[in-house]
Structures are given as C-alpha cells and as structure tokens.
Amino acid sequence: MAAAGLRAFGTKGPGWLRRSPWAPLSAGFCSRGPAGAGRPELGPRLTSARQRDGIRNIVLSDPKKRNALSLAMLKSLQSDILHEAESRDLKVIIISAEGPVFSSGHDLKELTDERSPDYHAEVFQTCSEVMMLIQNHPVPVIAMVNGLATAAGCQLVASCDIAVASDTSSFATPGVNLGLFCSTPAVALGRAVPRKVALEMLFTGEPISAQEALRHGLLSRVVPEEQLEEETMRIAGKIASLSRPVVALGKATFYRQLPQDLRTAYHLTSQTMVDNVALKDGQEGIKAFIQKRKPIWSQ
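Attention in this report is confined to the structure presented alongside it. (Residues numbered from 1 in each chain as written. Predicted model: local features only at pLDDT ≥ 70, side-chain atom pairs only at ≥ 80, totals over all residues. Heavy atoms only, no water.)

## Section: the overall build of the chain
Inference 1: When helices and strands are counted, the chain shows 11 helices and 10 strands.
Inference 2: Split into buried and exposed, the 299 residues of the chain put 48% on the buried side.
Inference 3: Within the chain, contacts between residues separated by at least 24 positions form 70% of all contacts whose residues are at least 6 apart in sequence.
Inference 4: Working note: accessible area of the chain is about 15,300 Å², and carbon and sulfur atoms make up 55% of it. (Helix = DSSP H or I, 4+ residues; strand = E, 2+ residues; numbered from the N terminus. Buried < 20%, exposed > 50% of the residue type's maximum accessible area, 1.4 Å probe, protein only. Contact = heavy atoms within 4.5 Å. Areas by Shrake-Rupley, 256 points an atom, 1.4 Å probe, with all protein chains shown as cover.)

In structure tokens, the structure reads:
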C-alpha cells in the first residue's frame, strides 16, 4: 500500500546530498550542469540532508528567506524524501529547519502576476504532492519545529506523522490577511485539529502558541528549546530500532482506515493483523516475547 502510493510520485529521484558529519550517502546528488540534468530543481539546493543509524534528517536551509517553500525548495524537499525510499537502511525521516523560522510558507514573489497561471499551478501542485508524499511514505516522518510555521509551513507540520516543537514555536495560517486564503494548508490543518479551531486560524490569520497547538492536536509534544533535538532524536531512535516492514504496514493501514466507517475500518485492520502475523518480523517478535528475548528484525 505505502510502496504503491510512493511509486505514484516516482521513487527514481536523483542521488543523495552529501553535507554533514553524519555517514555520507550516495554520491552524485550534488552534481550540476549536464551530469545533473535529471535533478528536479534548478540552481543551488535549498535543503541539506544526512543519514545515520536509519534516521534521515532533512533540513530546510534557506533562513535568509525564512525557509519559504518556493518551487525550488519544494522540489529539493521532494527529492530528499524520495531518495532510496524503499531502502531497508531508512527507518525514519526528520524534517527541521535552519534559523528562527521553520517555514514562512509559499514564496509570495512567485505568486505575483509576473508569473503565469501555469507556473502558479505548478507551485501548488508540487506542494500538494510533497504533503501527500509524506503520508504515503513507508517510514514515519517527524517535524522538528523551532520557531514560526505559517501558511504552507504550518501545512508541512500538520502533514507529518509526528510533530515535536519547542515551547517558543507558534503556528498560523495568515493568508487571509494578504488576500490569499490558505485553502491548501486548510486540507492538512483541518485533518489535524478540530474544525472550529482550524476555521478560527484560517478566518483570522492569528497565530496559536505551541501549547495551544499541542492541546488541539497539531503537535505530538512540546519541549523546552534546549531539549528539542534530544527529544526528537529519542523518538526517532525508538522508531529506528523497530521492524521497518511492520511499521510501514501499520502506517499505511492507519491512514487507509481513517476515512472508513467503523465496520469497514475493522474489516480492513483485521486483515492487516493477519498479514502482520504472517510477516517474518511478526513471527520473530511473537517468538521473542514468548522466549523472553530481544527480537532480531530482518530490516
């Protein structure tokens, strides 16, 4: 299910970015000119990425522009998420950002009438694909938020499976104040928080605090800024220690059953449990529990 959804976006992305003290990844990702013709974005990459111990950390790296989700930023983020998505070495993804703003949303300079409607359509279509890709990805995706997340930046947080934020962070969908209602951010926001909370945010554009976001379900947890990375890595490390096939099956089924009626949801998940028991790691986990030992996962 997850793999099929992922293939719909095309998992044959370019290579992997090498910029970090963490373990280097596939060569060729930073290639430019003719050798890099297959890259989905033009100009310098606006994200950086590193991977170690099954955890891939993707960083929005354009703080001078408040990590705006320009078309180039979106395509860079998309390729980082897609890279070797089916690799057994990948267990969890963290999305974070440089600077005091997690993301200010779309780059409004790309949305003026100096650009064509086709270009505008590409911006919003690409953004929607990235948000859906996060849900369809076989591994959990965690947002690590330190600072302000507005409009499509708030949408990105709402789209992630887990979101951990510092207690100084805030969230808003202020497009209405600029004459551009946050209709696409509303898709993710309206699925993460109660309707009346979402609509107040959308109609007023006023920000909510991290504690309010936690209370309403936009965030998984809130911690002091100095503990943000430690707590996020603790969660990611726990997930990375588990069976990838089991987690992937569980994630895909969770999202698949959400829109179903109760009877259909139970029918779907009951069959998934049967499939889970049949997995090699399903049997390994059961036998390890009975034998009072730690399981040895296949992936």
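So much for the structure itself; the text now carries on.
## Re the pairing of strand β7 (residues 162-166)
Inference 1: Most of β7 is tucked away: four of the five residues are buried.
Inference 2: For strand β5 (residues 141-145) and β7, the ladder comprises four bridges, and the chain directions are parallel. Across the sheet, the residue bridging to I142 is I162, located in β7.
Inference 3: Both β7 and strand β10 (residues 221-223) contribute to a ladder of three bridges, which runs parallel. Residue S166 lies in a different strand from β10, and its bridge partner there is V223. (Pairing = 2+ DSSP bridges.)

## Some remarks on the packing of helix α9 (residues 244-257) against helix α10 (residues 262-278)
Inference 1: It is at 10 Å that the axes of α9 and α10 come closest, and there the two elements cross at 170°. Between α9 and α10, the crossing angle belongs to the class labelled roughly antiparallel. Only A265, L268, T269, T272, D275 and N276 of α10 make contact with α9, whose side of the interface consists of V246, L249, T253, R256 and Q257.
Inference 2: Looking at the contact of α9 with α10 residue by residue, the classes come out as four nonpolar, five polar and two charged. (Axes fitted to C-alpha atoms, helices over the stretch in contact; angles between N-to-C directions. Parallel < 35°, antiparallel > 145°, perpendicular 65-115°, else oblique. Nonpolar A, V, L, I, M, F, W, Y, C, P; charged D, E, K, R; others polar.)

## Re the nonpolar core
Inference 1: Grouped together as the largest cluster of nonpolar side chains are 49 residues, with contacts concentrated most on I81, I95, F171 and L219.
Inference 2: Setting aside its immediate chain neighbours within four residues, L219 contacts V157, A163, A165, F171, A210, A213 and L214.
Inference 3: In this structure, I94, I235, A236 and A240 belong to the second largest nonpolar core, which totals 12 residues. (Core = buried A, V, L, I, M, F, W, Y, C linked by side-chain atoms within 4.5 Å.)

## Quick look at the state of the cysteines
Inference 1: Within the structure shown, the criterion is met by zero disulfides.
Inference 2: In this structure C182 is not part of a disulfide, and its nearest cysteine sulfur, from C154, lies 8.4 Å away. (Disulfide = S-S within 2.5 Å.)

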